[in-house]
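Residue-level structural notes
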Amino acid sequence: MSSSAASTPAPAPAPASRRVSRRIGSIAESATLAVDAKAKALKAAGRPVIGFGAGEPDFPTPDYIVDAAVEAARDQRFHRYSPAAGLPELRKAVAEKTLRDSGYSVDPSQVLITNGGKQAVYESFATLLDPGDEVIVPSPYWTTYPEAIRLAGGVPVEVFAGPEQGYLVTVDQLEAALTERTKVMLFVSPSNPTGAVYDPEQVGEIGRWAASRGLWVVTDEIYEHLTYDDAQFTSIATAADLGDKVVVLNGVAKTYAMTGWRVGWMIAPTDIIKAASNLQSHATSNVANVSQMAALAAVSGPLDAVNDMKLAFDRRRRAMVDGLNAIDGIQCPTPRGAFYAYADVRQLLGRTIAGSTPGTSAELASLILEKAEVAVVPGEAFGPSGFIRLSYALGDEDLATGIGRLQQFLSQ
(Lines give C-alpha, C1' and ligand atoms only; values in the text may rest on other atoms or scores of the structure.)
Protein backbone atom coordinates (compact mmCIF):
# COMPACT_ATOMS: atom_id res chain seq x y z
CA MET A 1 0.00 0.00 0.00
CA SER A 2 1.45 3.40 -0.90
CA SER A 3 2.01 6.04 1.72
CA SER A 4 -0.42 8.38 -0.03
CA ALA A 5 -3.14 5.77 0.09
CA ALA A 6 -2.44 5.05 3.72
CA SER A 7 -2.80 8.71 4.65
CA THR A 8 -6.13 9.21 2.90
CA PRO A 9 -8.80 9.86 5.56
CA ALA A 10 -11.78 7.52 5.71
CA PRO A 11 -14.94 8.96 4.13
CA ALA A 12 -17.48 10.46 6.49
CA PRO A 13 -20.46 8.23 7.17
CA ALA A 14 -23.38 8.90 4.88
CA PRO A 15 -26.31 10.66 6.51
CA ALA A 16 -29.36 8.59 7.20
CA SER A 17 -31.33 8.40 3.98
CA ARG A 18 -34.80 9.87 3.79
CA ARG A 19 -37.48 7.32 3.03
CA VAL A 20 -39.64 9.95 1.30
CA SER A 21 -38.22 12.89 -0.60
CA ARG A 22 -38.78 16.38 0.76
CA ARG A 23 -40.58 17.33 -2.45
CA ILE A 24 -43.17 14.58 -2.19
CA GLY A 25 -43.29 14.54 1.60
CA SER A 26 -44.35 18.18 1.63
CA ILE A 27 -47.49 17.53 -0.43
CA ALA A 28 -50.70 17.66 1.58
CA GLU A 29 -53.27 14.94 1.04
CA SER A 30 -56.32 15.98 -0.95
CA ALA A 31 -58.66 17.11 1.82
CA THR A 32 -61.79 16.55 -0.24
CA LEU A 33 -60.84 12.98 -1.09
CA ALA A 34 -59.76 12.37 2.51
CA VAL A 35 -63.14 13.49 3.84
CA ASP A 36 -64.95 11.39 1.26
CA ALA A 37 -62.82 8.34 2.11
CA LYS A 38 -63.47 8.73 5.84
CA ALA A 39 -67.19 9.10 5.26
CA LYS A 40 -67.23 5.95 3.11
CA ALA A 41 -65.21 4.07 5.72
CA LEU A 42 -67.69 5.01 8.43
CA LYS A 43 -70.55 3.97 6.15
CA ALA A 44 -68.86 0.63 5.56
CA ALA A 45 -68.64 0.24 9.33
CA GLY A 46 -72.39 0.60 9.56
CA ARG A 47 -72.74 4.27 10.46
CA PRO A 48 -75.36 6.24 8.48
CA VAL A 49 -73.05 9.04 7.38
CA ILE A 50 -74.30 11.66 4.92
CA GLY A 51 -71.40 12.84 2.76
CA PHE A 52 -71.29 16.43 1.54
CA GLY A 53 -67.59 16.14 0.74
CA ALA A 54 -67.14 14.68 -2.73
CA GLY A 55 -67.27 16.93 -5.76
CA GLU A 56 -68.89 14.61 -8.27
CA PRO A 57 -72.36 14.39 -9.80
CA ASP A 58 -74.52 11.60 -8.42
CA PHE A 59 -75.93 10.90 -11.89
CA PRO A 60 -74.83 8.04 -14.16
CA THR A 61 -72.78 8.72 -17.26
CA PRO A 62 -75.26 9.04 -20.18
CA ASP A 63 -75.93 5.80 -22.05
CA TYR A 64 -74.69 6.99 -25.44
CA ILE A 65 -71.29 7.73 -23.90
CA VAL A 66 -71.11 4.33 -22.24
CA ASP A 67 -72.12 2.69 -25.51
CA ALA A 68 -69.25 4.44 -27.31
CA ALA A 69 -66.84 3.09 -24.69
CA VAL A 70 -68.16 -0.45 -25.06
CA GLU A 71 -67.75 -0.28 -28.83
CA ALA A 72 -64.22 1.06 -28.46
CA ALA A 73 -63.30 -1.71 -26.02
CA ARG A 74 -64.09 -4.26 -28.75
CA ASP A 75 -62.01 -2.43 -31.37
CA GLN A 76 -58.46 -3.78 -31.48
CA ARG A 77 -57.15 -0.39 -32.63
CA PHE A 78 -57.67 0.83 -29.10
CA HIS A 79 -55.87 -2.08 -27.48
CA ARG A 80 -52.52 -0.47 -28.34
CA TYR A 81 -50.56 2.67 -27.51
CA SER A 82 -51.83 5.83 -29.13
CA PRO A 83 -50.23 9.31 -29.35
CA ALA A 84 -49.29 10.70 -25.94
CA ALA A 85 -51.03 14.00 -26.69
CA GLY A 86 -54.33 12.27 -27.39
CA LEU A 87 -56.29 10.67 -30.21
CA PRO A 88 -56.32 13.10 -33.15
CA GLU A 89 -60.10 12.87 -33.49
CA LEU A 90 -60.58 13.80 -29.83
CA ARG A 91 -58.16 16.73 -29.99
CA LYS A 92 -60.10 18.01 -33.01
CA ALA A 93 -63.44 17.54 -31.23
CA VAL A 94 -62.20 19.40 -28.15
CA ALA A 95 -61.09 22.31 -30.34
CA GLU A 96 -64.54 22.40 -31.96
CA LYS A 97 -66.30 22.13 -28.58
CA THR A 98 -64.20 25.01 -27.23
CA LEU A 99 -65.24 27.26 -30.10
CA ARG A 100 -68.87 26.22 -29.63
CA ASP A 101 -69.02 26.77 -25.89
CA SER A 102 -66.45 29.50 -25.23
CA GLY A 103 -66.10 31.29 -28.53
CA TYR A 104 -62.37 30.58 -28.33
CA SER A 105 -60.84 29.39 -31.61
CA VAL A 106 -57.91 26.98 -31.31
CA ASP A 107 -56.18 24.45 -33.54
CA PRO A 108 -56.19 20.76 -32.54
CA SER A 109 -52.40 21.02 -32.20
CA GLN A 110 -53.04 23.31 -29.22
CA VAL A 111 -54.92 20.57 -27.33
CA LEU A 112 -53.37 18.00 -24.99
CA ILE A 113 -55.62 15.22 -23.65
CA THR A 114 -54.75 14.41 -20.04
CA ASN A 115 -55.58 11.83 -17.40
CA GLY A 116 -58.28 13.93 -15.76
CA GLY A 117 -58.25 17.61 -14.97
CA LYS A 118 -55.68 17.20 -12.22
CA GLN A 119 -52.98 16.10 -14.65
CA ALA A 120 -53.79 19.11 -16.83
CA VAL A 121 -53.38 21.37 -13.78
CA TYR A 122 -50.01 19.93 -12.81
CA GLU A 123 -48.61 19.77 -16.34
CA SER A 124 -49.58 23.39 -16.97
CA PHE A 125 -47.66 24.65 -13.97
CA ALA A 126 -44.77 22.23 -14.51
CA THR A 127 -44.41 23.53 -18.06
CA LEU A 128 -44.68 27.24 -17.23
CA LEU A 129 -42.83 27.60 -13.94
CA ASP A 130 -39.20 27.74 -12.95
CA PRO A 131 -38.20 27.43 -9.27
CA GLY A 132 -39.31 30.50 -7.35
CA ASP A 133 -41.80 31.78 -9.93
CA GLU A 134 -44.94 33.06 -8.24
CA VAL A 135 -48.54 32.27 -9.10
CA ILE A 136 -51.37 34.49 -7.89
CA VAL A 137 -54.07 32.15 -6.53
CA PRO A 138 -57.46 33.65 -5.68
CA SER A 139 -58.70 32.17 -2.42
CA PRO A 140 -60.79 30.20 -1.48
CA TYR A 141 -59.21 27.83 -4.01
CA TRP A 142 -59.54 24.19 -5.01
CA THR A 143 -57.21 22.23 -2.76
CA THR A 144 -55.05 20.85 -5.61
CA TYR A 145 -53.92 24.18 -7.09
CA PRO A 146 -51.30 25.24 -4.51
CA GLU A 147 -49.96 21.70 -4.18
CA ALA A 148 -49.51 21.40 -7.96
CA ILE A 149 -47.78 24.79 -8.04
CA ARG A 150 -45.37 23.82 -5.26
CA LEU A 151 -44.67 20.45 -6.82
CA ALA A 152 -43.76 22.30 -10.03
CA GLY A 153 -41.32 24.47 -8.08
CA GLY A 154 -43.51 27.55 -7.97
CA VAL A 155 -44.76 29.69 -5.09
CA PRO A 156 -48.53 30.16 -4.65
CA VAL A 157 -49.50 33.65 -3.51
CA GLU A 158 -52.99 33.60 -2.04
CA VAL A 159 -55.41 36.49 -2.50
CA PHE A 160 -58.43 36.01 -0.23
CA ALA A 161 -61.92 37.25 -1.02
CA GLY A 162 -64.48 36.57 1.68
CA PRO A 163 -68.27 36.34 1.58
CA GLU A 164 -68.51 40.10 2.07
CA GLN A 165 -67.37 40.48 -1.54
CA GLY A 166 -69.09 37.39 -2.87
CA TYR A 167 -65.82 35.40 -2.84
CA LEU A 168 -64.69 37.44 -5.87
CA VAL A 169 -61.23 39.01 -5.94
CA THR A 170 -60.72 42.50 -7.30
CA VAL A 171 -58.07 43.97 -9.56
CA ASP A 172 -56.81 46.07 -6.64
CA GLN A 173 -56.22 42.90 -4.63
CA LEU A 174 -54.43 41.26 -7.53
CA GLU A 175 -52.25 44.32 -8.06
CA ALA A 176 -51.28 44.30 -4.38
CA ALA A 177 -50.11 40.70 -4.71
CA LEU A 178 -47.95 41.38 -7.77
CA THR A 179 -44.17 41.13 -7.39
CA GLU A 180 -41.22 40.92 -9.75
CA ARG A 181 -41.41 37.13 -9.42
CA THR A 182 -45.06 36.85 -10.50
CA LYS A 183 -45.39 34.88 -13.73
CA VAL A 184 -48.90 33.39 -13.69
CA MET A 185 -52.37 34.32 -12.51
CA LEU A 186 -54.84 31.52 -11.87
CA PHE A 187 -58.46 32.27 -12.74
CA VAL A 188 -61.45 30.06 -11.97
CA SER A 189 -65.09 30.83 -12.74
CA PRO A 190 -67.41 29.14 -11.81
CA SER A 191 -65.46 28.39 -8.67
CA ASN A 192 -64.78 25.31 -6.64
CA PRO A 193 -65.20 25.61 -3.64
CA THR A 194 -67.42 28.71 -3.45
CA GLY A 195 -69.70 28.47 -6.46
CA ALA A 196 -68.89 32.12 -7.23
CA VAL A 197 -69.19 33.29 -10.84
CA TYR A 198 -67.56 36.45 -12.17
CA ASP A 199 -69.73 38.69 -14.35
CA PRO A 200 -68.50 39.26 -17.93
CA GLU A 201 -67.37 42.79 -17.07
CA GLN A 202 -65.31 41.52 -14.12
CA VAL A 203 -63.73 38.79 -16.25
CA GLY A 204 -62.74 41.32 -18.88
CA GLU A 205 -61.31 43.74 -16.31
CA ILE A 206 -59.19 41.04 -14.68
CA GLY A 207 -58.04 39.72 -18.04
CA ARG A 208 -56.98 43.16 -19.22
CA TRP A 209 -55.07 43.70 -15.98
CA ALA A 210 -53.21 40.40 -16.40
CA ALA A 211 -52.36 41.26 -20.00
CA SER A 212 -51.10 44.71 -19.01
CA ARG A 213 -48.73 43.09 -16.51
CA GLY A 214 -47.45 40.53 -19.00
CA LEU A 215 -48.73 37.59 -16.97
CA TRP A 216 -49.69 34.13 -18.10
CA VAL A 217 -53.28 33.24 -17.25
CA VAL A 218 -54.21 29.66 -16.38
CA THR A 219 -58.00 29.38 -16.40
CA ASP A 220 -59.92 26.34 -15.17
CA GLU A 221 -63.27 26.14 -16.96
CA ILE A 222 -64.45 22.70 -15.91
CA TYR A 223 -67.71 24.05 -14.43
CA GLU A 224 -68.53 26.19 -17.48
CA HIS A 225 -71.97 24.63 -18.02
CA LEU A 226 -73.08 24.71 -14.38
CA THR A 227 -74.44 28.21 -13.78
CA TYR A 228 -77.72 29.35 -12.22
CA ASP A 229 -80.03 32.34 -12.00
CA ASP A 230 -78.60 35.20 -14.06
CA ALA A 231 -75.00 33.99 -13.90
CA GLN A 232 -73.20 33.76 -17.23
CA PHE A 233 -70.04 31.83 -17.92
CA THR A 234 -67.43 33.95 -19.66
CA SER A 235 -64.07 32.62 -20.76
CA ILE A 236 -61.23 34.96 -19.87
CA ALA A 237 -59.54 33.70 -23.04
CA THR A 238 -62.12 35.62 -25.08
CA ALA A 239 -62.97 38.43 -22.63
CA ALA A 240 -59.54 40.04 -22.97
CA ASP A 241 -56.66 40.01 -25.43
CA LEU A 242 -54.20 37.78 -23.62
CA GLY A 243 -52.13 37.12 -26.73
CA ASP A 244 -50.46 33.74 -26.52
CA LYS A 245 -50.21 33.76 -22.73
CA VAL A 246 -53.32 31.77 -21.80
CA VAL A 247 -53.81 28.14 -20.84
CA VAL A 248 -57.37 26.75 -20.69
CA LEU A 249 -58.08 23.69 -18.52
CA ASN A 250 -61.22 21.60 -18.85
CA GLY A 251 -62.57 18.06 -18.97
CA VAL A 252 -65.63 15.85 -19.16
CA ALA A 253 -65.89 14.98 -15.45
CA LYS A 254 -68.49 17.49 -14.25
CA THR A 255 -70.51 18.23 -17.37
CA TYR A 256 -71.14 14.61 -18.31
CA ALA A 257 -70.94 12.88 -14.89
CA MET A 258 -67.68 11.21 -15.90
CA THR A 259 -65.41 11.74 -12.88
CA GLY A 260 -64.17 8.15 -12.94
CA TRP A 261 -63.35 8.09 -16.67
CA ARG A 262 -60.33 10.40 -16.14
CA VAL A 263 -60.29 12.57 -19.23
CA GLY A 264 -59.28 16.22 -19.12
CA TRP A 265 -57.33 18.56 -21.37
CA MET A 266 -55.22 21.64 -21.55
CA ILE A 267 -55.29 24.16 -24.38
CA ALA A 268 -52.26 26.38 -24.89
CA PRO A 269 -49.84 27.71 -27.52
CA THR A 270 -48.25 24.90 -29.50
CA ASP A 271 -44.81 25.23 -27.88
CA ILE A 272 -46.36 24.82 -24.43
CA ILE A 273 -48.43 21.85 -25.59
CA LYS A 274 -45.39 20.21 -27.15
CA ALA A 275 -43.43 20.58 -23.91
CA ALA A 276 -46.32 19.32 -21.77
CA SER A 277 -46.80 16.39 -24.17
CA ASN A 278 -43.14 15.47 -23.72
CA LEU A 279 -43.69 15.47 -19.96
CA GLN A 280 -46.80 13.32 -20.29
CA SER A 281 -45.02 10.89 -22.62
CA HIS A 282 -42.67 10.02 -19.76
CA ALA A 283 -45.23 10.21 -16.96
CA THR A 284 -48.27 8.30 -18.24
CA SER A 285 -48.20 8.13 -22.05
CA ASN A 286 -51.66 8.27 -23.58
CA VAL A 287 -54.95 8.45 -21.71
CA ALA A 288 -56.80 5.10 -21.85
CA ASN A 289 -58.19 4.85 -25.37
CA VAL A 290 -61.59 3.58 -24.26
CA SER A 291 -61.99 6.64 -22.04
CA GLN A 292 -60.89 8.89 -24.89
CA MET A 293 -63.54 7.45 -27.19
CA ALA A 294 -66.14 7.95 -24.47
CA ALA A 295 -65.01 11.57 -24.16
CA LEU A 296 -65.24 11.96 -27.94
CA ALA A 297 -68.90 10.92 -27.79
CA ALA A 298 -69.46 13.33 -24.91
CA VAL A 299 -67.95 16.50 -26.37
CA SER A 300 -69.38 15.79 -29.83
CA GLY A 301 -72.87 15.16 -28.51
CA PRO A 302 -75.66 17.30 -27.08
CA LEU A 303 -75.77 19.03 -23.70
CA ASP A 304 -79.09 17.47 -22.74
CA ALA A 305 -77.55 15.51 -19.87
CA VAL A 306 -76.04 18.53 -18.16
CA ASN A 307 -79.23 20.52 -18.63
CA ASP A 308 -81.16 17.77 -16.84
CA MET A 309 -78.57 17.70 -14.05
CA LYS A 310 -78.77 21.47 -13.68
CA LEU A 311 -82.47 21.29 -12.87
CA ALA A 312 -81.73 18.94 -9.97
CA PHE A 313 -78.66 20.89 -8.85
CA ASP A 314 -80.61 24.14 -8.84
CA ARG A 315 -83.34 22.64 -6.68
CA ARG A 316 -80.80 21.21 -4.25
CA ARG A 317 -78.80 24.45 -4.23
CA ARG A 318 -81.77 26.44 -3.01
CA ALA A 319 -82.72 23.83 -0.41
CA MET A 320 -79.16 23.69 0.93
CA VAL A 321 -78.69 27.45 1.18
CA ASP A 322 -82.06 27.93 2.86
CA GLY A 323 -81.34 25.12 5.31
CA LEU A 324 -77.87 26.39 6.21
CA ASN A 325 -78.99 29.99 6.66
CA ALA A 326 -81.67 28.78 9.07
CA ILE A 327 -78.89 27.75 11.50
CA ASP A 328 -77.85 30.39 14.01
CA GLY A 329 -74.17 31.11 13.46
CA ILE A 330 -74.00 30.16 9.77
CA GLN A 331 -74.11 32.57 6.87
CA CYS A 332 -74.13 31.07 3.39
CA PRO A 333 -74.15 33.21 0.24
CA THR A 334 -76.13 31.74 -2.63
CA PRO A 335 -73.70 30.12 -5.09
CA ARG A 336 -74.27 30.92 -8.76
CA GLY A 337 -72.25 28.09 -10.25
CA ALA A 338 -70.75 24.59 -9.82
CA PHE A 339 -72.42 22.42 -7.14
CA TYR A 340 -71.00 23.67 -3.87
CA ALA A 341 -72.10 25.92 -1.04
CA TYR A 342 -69.36 27.66 0.94
CA ALA A 343 -70.72 28.52 4.35
CA ASP A 344 -69.24 31.05 6.77
CA VAL A 345 -69.11 29.37 10.21
CA ARG A 346 -66.86 31.85 12.03
CA GLN A 347 -69.62 32.66 14.50
CA LEU A 348 -69.74 29.01 15.56
CA LEU A 349 -66.06 28.88 16.46
CA GLY A 350 -65.49 29.27 20.17
CA ARG A 351 -69.09 28.26 20.89
CA THR A 352 -69.68 25.17 23.01
CA ILE A 353 -71.41 22.50 20.95
CA ALA A 354 -72.24 19.08 22.38
CA GLY A 355 -69.71 19.62 25.15
CA SER A 356 -66.89 20.64 22.80
CA THR A 357 -65.62 24.08 21.81
CA PRO A 358 -64.17 24.00 18.30
CA GLY A 359 -61.66 26.76 17.60
CA THR A 360 -61.20 26.08 13.88
CA SER A 361 -63.38 24.93 11.05
CA ALA A 362 -61.30 21.74 10.91
CA GLU A 363 -62.22 20.98 14.52
CA LEU A 364 -65.85 21.86 13.79
CA ALA A 365 -65.96 19.55 10.75
CA SER A 366 -64.47 16.71 12.80
CA LEU A 367 -67.06 17.25 15.53
CA ILE A 368 -69.90 17.31 13.00
CA LEU A 369 -68.71 14.06 11.43
CA GLU A 370 -68.31 12.25 14.74
CA LYS A 371 -71.45 13.48 16.48
CA ALA A 372 -73.91 14.34 13.69
CA GLU A 373 -72.61 11.80 11.15
CA VAL A 374 -72.38 14.42 8.41
CA ALA A 375 -69.21 14.86 6.35
CA VAL A 376 -68.25 18.41 5.31
CA VAL A 377 -64.88 19.79 4.16
CA PRO A 378 -63.28 22.43 6.41
CA GLY A 379 -62.12 25.77 5.06
CA GLU A 380 -58.48 25.00 5.84
CA ALA A 381 -58.48 22.83 2.70
CA PHE A 382 -59.25 25.88 0.56
CA GLY A 383 -57.68 28.81 2.40
CA PRO A 384 -58.39 30.44 5.77
CA SER A 385 -60.22 28.68 8.58
CA GLY A 386 -63.77 29.66 9.42
CA PHE A 387 -65.67 28.09 6.53
CA ILE A 388 -67.03 24.72 5.40
CA ARG A 389 -67.75 23.43 1.92
CA LEU A 390 -70.77 21.28 1.20
CA SER A 391 -71.47 19.66 -2.16
CA TYR A 392 -75.10 19.44 -3.23
CA ALA A 393 -74.30 16.82 -5.86
CA LEU A 394 -76.13 14.12 -3.93
CA GLY A 395 -79.68 12.83 -3.76
CA ASP A 396 -82.51 15.06 -2.52
CA GLU A 397 -83.36 12.72 0.34
CA ASP A 398 -79.78 12.52 1.59
CA LEU A 399 -79.44 16.28 1.30
CA ALA A 400 -82.56 16.90 3.36
CA THR A 401 -81.47 14.36 5.97
CA GLY A 402 -77.97 15.83 6.20
CA ILE A 403 -79.13 19.43 6.52
CA GLY A 404 -81.68 18.36 9.11
CA ARG A 405 -78.94 16.73 11.18
CA LEU A 406 -76.82 19.88 10.97
CA GLN A 407 -79.73 22.03 12.07
CA GLN A 408 -80.47 19.80 15.04
CA PHE A 409 -76.84 19.34 16.09
CA LEU A 410 -75.71 22.96 15.73
CA SER A 411 -78.79 24.30 17.50
CA GLN A 412 -77.93 22.55 20.78
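As shown above, the structure is provided for reference.
Below: a short report on this structure.

Calculation rules
Residues numbered from 1 in each chain as written. Predicted model: local features only at pLDDT ≥ 70, side-chain atom pairs only at ≥ 80, totals over all residues. Heavy atoms only, no water. Helix = DSSP H or I, 4+ residues; strand = E, 2+ residues; numbered from the N terminus. Buried < 20%, exposed > 50% of the residue type's maximum accessible area, 1.4 Å probe, protein only. Contact = heavy atoms within 4.5 Å. Lys, Arg positive; Asp, Glu negative; His and termini not counted. Charge placed at Lys NZ, Arg CZ, Asp CG, Glu CD. Salt bridge = Lys/Arg side-chain N within 4 Å of Asp/Glu carboxyl O. Polar contact = N/O pair within 3.5 Å; in protein donor to acceptor, adjacent residues only side chain to side chain. Axes fitted to C-alpha atoms, helices over the stretch in contact; angles between N-to-C directions. Left-handed = near helix turned anticlockwise from the far one by under 90°. Nonpolar A, V, L, I, M, F, W, Y, C, P; charged D, E, K, R; others polar. Expected span 1.5 Å × (residues − 1). Patch = residues over 30% accessible without salt bridge, like charges linked within 9 Å, V, L, I, M, F, W, Y side chains within 5 Å. Areas by Shrake-Rupley, 256 points an atom, 1.4 Å probe, with all protein chains shown as cover. Pairing = 2+ DSSP bridges. Arc of directions from axis to C-beta.

1. With respect to the overall build of the protein chain
What the protein chain contains, in helices and strands, is 15 helices and 12 strands. Expressed as lengths along the three principal axes of its C-alpha atoms, the size of the protein chain is roughly 85 × 60 × 50 Å. Residues classed as buried in the protein chain amount to 54% of the 412 residues present. Taking as baseline every contact in the protein chain between residues at least 6 positions apart, the subset at least 24 positions apart corresponds to 74%. In the protein chain, 36 positive and 46 negative side-chain charges are present, and the distance between their average locations comes to 6 Å.

2. Brief notes about the environment of Gly-53
Considering the arrangement of structural elements, one finds Gly-53 in the loop between strand 1 (50–51) and helix 4 (63–73). On the accessibility criterion, Gly-53 (3% relative accessible area) is buried. The sequence separation of Gly-53 and Ser-391 amounts to 338 residues, and the corresponding C-alpha distance is 6.0 Å. Setting aside its immediate chain neighbours within four residues, Gly-53 contacts Thr-32, Val-35, Ala-375, Val-377 and Arg-389.

3. Section: the pattern of salt bridges
Think of it this way: side chains of opposite charge can pair up when their charged atoms draw near. Counted under the stated rule, the structure contains 22 salt bridges. Salt-bridge contacts for Asp-101 lead to Lys-97; the nearest nitrogen and oxygen are separated by 2.8 Å. Taken together, the residues Asp-101 and Lys-97, both in helix 5 (residues 88–102) and 4 residues apart, mark about one turn of the helix. Given a relative accessible area of 19%, Asp-101 falls into the buried group. Here Arg-318 ties to Asp-314 by a salt bridge, and the two come within 3.2 Å at their closest N and O atoms. Taken together, the residues span about one helical turn, with Arg-318 and Asp-314 both in helix 13 (residues 304–325) at a distance of 4 residues. Via salt bridges that share partners, Asp-58, Arg-315, Arg-316 and Asp-396 belong to a single interconnected network.

4. Considerations on the side chain of Asp-101
A polar side-chain atom of Asp-101 sits 2.8 Å from a polar atom in the side chain of Lys-97. One polar contact links Asp-101 to Arg-100, side chain to side chain, over a distance of 2.7 Å.

5. Considering the packing of helix 4 against helix 12 (residues 289–300)
It is at 8 Å that the axes of helix 4 and helix 12 come closest, and there the two elements cross at 145 degrees. In the crossing of helix 4 with helix 12, the sense of the turn from one axis to the other is right-handed. Seen from helix 4, the contacting residues are Tyr-64, Ile-65, Ala-68, Ala-69, Ala-72 and Ala-73; seen from helix 12, they are Val-290, Met-293, Ala-294, Ala-297 and Ala-298. Class assignment of the residues belonging to the contact of helix 4 with helix 12 gives a composition of 11 nonpolar, no polar and no charged.

6. Brief notes about the environment of Ala-177
Take Ala-177: it is sitting in helix 8 (residues 171–177). The exposure class assigned to Ala-177 is buried, which follows from its relative accessible area of 12%. Spatially, the C-alpha atom of Ala-177 lies 9.9 Å from that of Glu-134, the residues being 43 residues apart in sequence. Beyond its immediate stretch of four places on either side in the chain, Ala-177 contacts Ile-136, Val-157, Val-159 and Thr-182.

7. A look at helix 6 (residues 116–128)
Over its 13 residues, helix 6 extends 19 Å from the first C-alpha to the last, a length consistent with the 18 Å expected when each residue adds 1.5 Å. Those residues of helix 6 that sit buried are Gly-116, Gln-119, Ala-120, Val-121, Glu-123, Ser-124, Phe-125 and Leu-128.

8. Some details on a nonpolar patch on the surface
Together, Val-20, Ile-24 and Ile-27 give the surface a local cluster of nonpolar side chains, amounting to about 220 Å² of exposed area. Following the sequence through the fold, Ile-24 ends up in helix 2 (residues 22–25).

9. Description of the sheet that holds strand 2 (residues 111–114)
Spatial ordering of the open sheet is given by 2-8-7-6-5-3-4, a layout of 7 strands whose pairing is mixed. On the outer flanks of this sheet lie strand 2 and strand 4 (155–160), each paired with one strand and no other. If you compare each strand with its neighbour and ignore which way they point, the axes differ by 20 degrees on average. In terms of strand pairing, strand 2 meets strand 8 (residues 264–267) through 4 bridges, oriented antiparallel. Following the sheet pairing, Ile-113 is matched in strand 8 by Trp-265. The sheet strands contacting helix 5 are strand 2, strand 7 (246–251) and strand 8, and the helix crosses strand 2 at an angle near 110 degrees.

10. Looking at helix 15 (residues 396–410)
An ideal rise of 1.5 Å per residue puts 21 Å on 15 residues; helix 15 measures up with 21 Å between its terminal C-alpha atoms. Among the residues of helix 15, those classed as buried are Leu-399, Gly-402, Ile-403, Leu-406, Phe-409 and Leu-410. Here the buried residues of helix 15 occupy an arc of 130 degrees about the axis, which is enough to place them on one side. Every exposed residue of helix 15 that faces more than 90 degrees away from the buried side is listed here: Glu-397, Ala-400 and Gln-408. On its buried face, helix 15 is in contact with strand 1, helix 13, helix 14 (361–372), strand 10 (374–375) and strand 12 (387–391).

11. A closer look at the sheet that holds strand 11 (residues 377–378)
The strand order 9-12-11 describes an open sheet built from 3 strands, whose pairing is antiparallel. At either end of the open sheet lies a strand with only one pairing partner, and these are strand 9 (340–344) and strand 11.

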